[in-house]
Amino acid sequence: MSGSVNAELLVLRRRAATWILLGIWTFLGVFFAYILPYALNPEDALGLEEFLPESLAGTLIAGFPFFGGVFAFMLGVFALGSEYDRDTLKTLLVQGPGRTTVFAAKLVALALVLIAFVLTVFVGGAIASVVIAQIEDAPIVWPSAWLLVRALSAAWLILAAWAALGVLLGVLTRGTSLAIGLGILYALVIEGLLSAFAESISLLEPLTQVFLRANGYSIATALGAPAASIESSGPGSYGGPFVDSIQALAVLVVFMLGFAALAAFALRRRDVA
Amino acid sequence: MTAPTSAPEDDLVISTERLTKRYGETIVAVDALALRVRRGEVYGFLGPNGAGKTTTLRMLVGLVQPTAGHATVLGAPPGAPAGLARIGALIEGPAFYPYLSGRDNLRVLARHAGVAETRIPGVLGQVGLSARAGDRTATYSMGMKQRLGVAAALLKDPELLILDEPTNGLDPAGMAEMREFIRSLADGGRTVLLSSHLMGEIEQVADRVGVIRDGSLVAEGTVAQLRGRPGLRVRAEPRAEAARLIGELPGVESVTGDDGLLEVVVDTAQAAAINRMLVQAGVAVSAIYPHTASLEDVFLELTTADGGPRS
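Source: prediction; values computed, not measured. Numbering of residues starts from 1 in each chain and follows the order in which that chain's sequence is written. Throughout, the order in which chains and ligands are written sets their labels, letters from A for the former and numbers from 1 for the latter. Only residues with pLDDT of 70 or above have their local features reported here, since the model is predicted, and side-chain atom pairs are shown and tallied only from 80 upward, although totals for entire chains, interfaces and linings are computed over all residues.

Participant: What's the story with the overall build of chain B in this structure? I'm lost.
Facilitator: Helices and strands together make up the secondary structure of chain B, namely 11 helices and 14 strands. If you line up chain B on its principal axes, its C-alpha atoms span 75 × 45 × 35 Å. Partly exposed residues are those falling between the two cut-offs: more than 12 but fewer than 20 other C-beta atoms within 10 Å of their own, whereas 20 or more means buried and 12 or fewer means exposed, with C-beta atoms placed from the backbone. Buried positions account for 44% of the 311 residues belonging to chain B. Contacts in chain B between residues at least 24 apart in sequence constitute 70% of all its contacts with a sequence separation of at least 6. Counting from the N terminus, the helices are DSSP H or I runs at least four residues long and the strands are E runs at least two residues long. This entry defines residue contacts through backbone-placed C-beta atoms, with two residues in contact when those atoms are within 7 Å.

Participant: Which parts of the structure should I look at to understand the nonpolar core?
Facilitator: If you look at soluble globular proteins, the nonpolar side chains tend to sit buried side by side. A:Ile61, A:Leu159, A:Ala161, A:Ala163, A:Ala164 and B:Leu194 are the most contacted members of the largest nonpolar core, which totals 165 residues. Not counting residues up to four positions away in its chain, the partners in contact with A:Ala163 are A:Ala72, A:Phe73, A:Leu75, A:Gly76, A:Leu110 and A:Leu114. Grouped together as the second largest cluster of nonpolar side chains are 11 residues, B:Leu232, B:Ala236, B:Val264 and B:Val283 included. Working definition: the nonpolar core is a set of buried Ala, Val, Leu, Ile, Met, Phe, Trp, Tyr and Cys residues, joined through C-beta atoms within 7 Å.

Participant: Which parts of the structure should I look at to understand the packing of helix H2 (residues 16–40) of chain A against helix H4 (residues 64–85) of chain A?
Facilitator: Any two packed helices are characterised by the angle at which their axes cross and by the distance between the axes. Residues and elements named next belong to chain A. Axis definition: a line fit to C-alpha positions, over the contact stretch in the case of helices; interaxial angles, taken between N-to-C directions, run 0 to 180 degrees. Here H2 crosses H4 at 175°, and the two axes come no closer than 10 Å. Regarding the angle of H2 to H4, the classification is roughly antiparallel. From H2, Ala-17, Thr-18, Leu-21, Trp-25, Leu-28, Gly-29 and Phe-32 reach across to H4, where they touch Phe-67, Gly-68, Phe-71, Met-74, Leu-75 and Phe-78. Throughout, the ten residues Ala, Val, Leu, Ile, Met, Phe, Trp, Tyr, Cys and Pro are labelled nonpolar, Asp, Glu, Lys and Arg are labelled charged, and all others, Gly among them, are labelled polar. Among the residues forming the contact of H2 with H4, the class breakdown is 10 nonpolar, 3 polar and no charged. Reported orientations rely on four angle classes, namely roughly parallel under 35 degrees, roughly antiparallel over 145, roughly perpendicular from 65 to 115, and oblique for the rest.

Participant: Is there a simple way to think about the domain arrangement of chain B in this case?
Facilitator: Quite often, the size of an interface is put as the accessible area lost when its parts meet. Domains are outlined according to an automatic or database domain assignment. Split by domain assignment, chain B resolves into domain 1 (9–86 + 158–226) and domain 2 (229–292). Its C-alpha centre places domain 1 of chain B at a distance of 39 Å from the equivalent point of domain 2 of chain B.

Participant: Would you explain the pairing of strand S1 (residues 12–23) of chain B in this entry?
Facilitator: Look at any regular strand and the pattern is simple: side chains alternate between the two faces of the sheet. Residue and element names in this part refer to chain B. Bridge analysis of S1 against strand S3 (residues 36–38) gives 3 bridges, and the strand direction is antiparallel. Note that in S3 the partner of Ile-14 across the bridge is Val-37. Taken together, the 5 bridges between S1 and strand S5 (residues 68–73) define a ladder with antiparallel strand orientation. Bridge pairing in S5 places Thr-16 opposite Ala-71. The pairing criterion is simple: DSSP has to find at least two bridges between the two strands. In textbook terms, the turn of a hairpin is the stretch between consecutive antiparallel strands, and for S1 and strand S2 (residues 27–33) this stretch comprises 3 residues, one of which, Gly-24, has a positive phi near 70°.

Participant: Is there a simple way to think about the environment of B:Arg111 in this case?
Facilitator: Residues and elements named next belong to chain B. When you line up the elements, Arg-111 lands in helix H3 (residues 102–113). Overall, Arg-111 belongs to the buried group, with 23 C-beta atoms counted inside 10 Å. On a C-alpha basis, the gap between Arg-111 and Arg-183 in space is 28 Å, while along the polypeptide they are 72 residues apart.

Participant: What is the right way to look at the interface of chain A and chain B in this model?
Facilitator: Contacts between the two partners involve 25 residues from chain A and, on the opposite side, 24 residues from chain B. Of all the secondary-structure elements, those providing two or more residues to the side of chain A that touches chain B are helix H1 (2–14) and helix H5 (88–93) of chain A. Ranked by residue count, the leading element in the side of chain A that touches chain B is H1(A), at 7 residues. For the side of chain A that touches chain B, the class distribution of residues is 11 nonpolar, 8 polar and 6 charged.

Participant: Just checking my understanding: could you explain the sheet that holds strand S10 (residues 216–222) of chain B for this structure?
Facilitator: Strand pairing in a sheet is mediated by backbone hydrogen bonds. Such pairs are either parallel or antiparallel. All names here are of chain B. Ordered by their spatial adjacency, 6 strands build an open sheet running S6-S7-S8-S4-S9-S10, and the pairing between neighbours is mixed. At either end of the open sheet lies a strand with only one pairing partner, and these are strand S6 (87–90) and S10. Neighbour-to-neighbour, the strand axes of this sheet turn through a mean angle of 15°, independent of strand direction. The pairing of S6 with strand S7 (residues 160–164) spans 4 bridges and is classified as parallel. Bridged to Ala-89 within S7 is Ile-162. The strands touched by helix H1 (residues 53–60) are strand S4 (42–46), S7, strand S8 (191–196) and strand S9 (208–213); relative to S7, the strand with the most contacts, the crossing angle is about 150°. Along the sheet face, helix H11 (residues 295–304) touches S4, S9 and S10 and points at about 30° away from the line of S9.

Participant: Please clarify how the packing of H4(A) against helix H7 (residues 145–173) of chain A should be interpreted in this entry.
Facilitator: All names here are of chain A. Look at H4 against H7: their axes get within 6 Å of each other, and the N-to-C directions meet at 40°. Here H7 runs oblique to H4, going by the angle between their axes. Here the hand of the crossing between H4 and H7 comes out right-handed. Residue classes in the contact of H4 with H7 are distributed as 19 nonpolar, 7 polar and no charged. Handedness of each helix crossing follows the sense of rotation of the near helix against the far helix: counterclockwise by less than a right angle gives left-handed, clockwise gives right-handed.

Participant: Please clarify how the confidence of the model for chain A should be interpreted in this entry.
Facilitator: When pLDDT is low, close inspection of the predicted coordinates is not appropriate. Here chain A averages 88 in pLDDT, while 95% of its residues score no lower than 70. Confidence of the predictor at the level of single residues is given by pLDDT, which spans 0 to 100. No element of chain A has a lower mean pLDDT than helix H11 (residues 227–231) of chain A, which averages 72, and none a higher one than H7(A), which averages 95.

Participant: What is the right way to look at the environment of A:Ala57 in this model?
Facilitator: All names here are of chain A. With respect to the helices and strands, the residue Ala-57 is situated in helix H3 (residues 56–61). When the C-alpha atoms of Ala-57 and Ser-229 are compared, they prove to be 14 Å apart, with 172 residues separating the residues in sequence. Beyond its immediate sequence surroundings of up to four residues, Ala-57 is in contact with Pro-143, Leu-147, Leu-148, Ala-151, Leu-223 and Gly-224.

Participant: Would you mind showing me how to read the pairing of S7(B) here?
Facilitator: By the criterion of burial, S7(B) is predominantly enclosed, with 5 of the 5 residues buried. Of the two faces of S7(B), the one lined by B:Leu160, B:Ile162 and B:Asp164 and the one lined by B:Leu161 and B:Leu163 are each fully buried.

Participant: Honestly, the confidence of the model for chain B in this entry has me stumped. Any pointers?
Facilitator: Residues and elements named next belong to chain B. Of the residues in chain B, 94% have a pLDDT of 70 or more, and the chain-wide mean is 85. Mean pLDDT values over the elements of chain B span from 73, in H11, up to 95, in H3. Contacts from residues 1–5, a stretch scored under 50 in pLDDT, to residues over four places away or in other chains number 19 contacts. Here residues 307–311 scores under 50 on pLDDT; set against residues more than four positions off or in separate chains, the count is 11 contacts. Among the scores for the predicted complex, ipTM is 0.86 and pTM is 0.84.

Participant: Please explain helix H5 (residues 142–154) of chain B as it appears in this structure.
Facilitator: Because an α-helix completes one turn every 3.6 residues, residues spaced three or four positions apart along the sequence face the same direction. The terminal C-alpha atoms of H5(B) lie 19 Å apart, and with 13 residues this matches the ideal 18 Å at 1.5 Å per residue to within 8%. Inspection of H5(B) places B:Met144, B:Lys145, B:Gln146, B:Arg147, B:Leu148, B:Gly149, B:Val150, B:Ala151, B:Ala152, B:Ala153 and B:Leu154 among the buried residues, and these make up the whole buried set. Of the surrounding secondary structure, the elements contacted by the buried residues of H5(B) are H5 of chain A together with S6, H3, helix H4 (120–126) and S7 of chain B. A helix is expected to span 1.5 Å for every residue after the first.

Right under this line is the structure:
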């Protein structure tokens, strides 16, 4: 298994898409959390304290449930879907480690890469917050280590749930194009529109509460993300209701494991033709 | 026309029983196939496009599940890690990560297979790719990818090689080199299952040949067995008289006409005697020469005729 994980890490490390997604996500994550709102007008928007190091966890994690999720989703699609596109899955499977081992190795490698996706944004955010603090001549006070650990873990879990959805759709559609199309459809149309309508149609509310978006944002708010910024974050906006953070954690874990299990089942059962 | 297929079970590297693959209700890709590949031989798996060769090979390595029947490969069910660890396979063209070099592609496969990466330079050298091993495979020609595919198949130093059209994309020199290479692998004790639709390729390297048509094995045997007994071709006038006279000779099994030529199934050593007899009888003989059906003749006959299995 460790050999297969090393193999998959080599594949992910050398794939341009991994670095492109990481670069764009890091830039956008920091840009939309710090640079743009601060440049527009910090005083009228969220208040200066949101841009200072002490609010690092809450300010950054607000970008994970939607924007970060989309990047993780694409990474998940590429991890499995491109193996079908390029027909490399057959090349891997005839090597002999077994389908479950190959799949598990891909998931582990993906999970490790997602750690980088979390850390780079937090490092970028930390740098931006320090720069803003120096510009504003504000004190540099960091959040507690415990809050940071919880924020980093939650951020990873949110990305992992989205990546698992990408893996599932990559396997089910045996490719990348349709999987990405379906993912965007799900994220923007199904989750986005239904969540928006749920504000006026109460029947939809229980449904939206099991969405990745609702649960991701619920964890984010529990870690200090300002609800006002979530409500006004464009296509990824969410106006609530927010669920209990434990429930949100459980839902995301169930989604992550469920998507992965379904993908593993499909990969094991179906022909590679 | 075919050789007996019975062999001691221990001697069989691949054995299938009524192996069948259907897609939906109407498409039968492989139909109750019984395949026996013996240890140490090069088994040529011949068939026209769409005959079921690749589907069969995919079933043998576990990529495709059979609808019915079963197969044993190196004593294990197809796709079992224990079996795959001893099999090198190149199925339906090589597929590699285009952004990785040839060497790194092999590194990925070696790690998955649990094979020491120290084998990589050796297999790259075997297929003549050492000089380009550091280049991205996106820059490789089809022939180079094919070579890399064979290198990948050799990584595990396998007992059994399953090669699907390995000379696709190679130039004539490369094809000849690959044939020689495959033959050398078998001479080194490996078993090779070689799928192809190229008669010359199979004829030159295979110890035994199986011909598949519409998913079924329609003939199996050595190349010599499939080509049948040699005979004579006679061009003589009047043709009917020549045919009658030859047919009356002892030892002549059959005389048939084809494009002005008489096909005579007889010991070719009798050519001179037949010639003398015909001339003495006043028949004008313009040509008489030994002839053996080519594998291509046999293949075309087997794969285009409506006849049943030749076994």
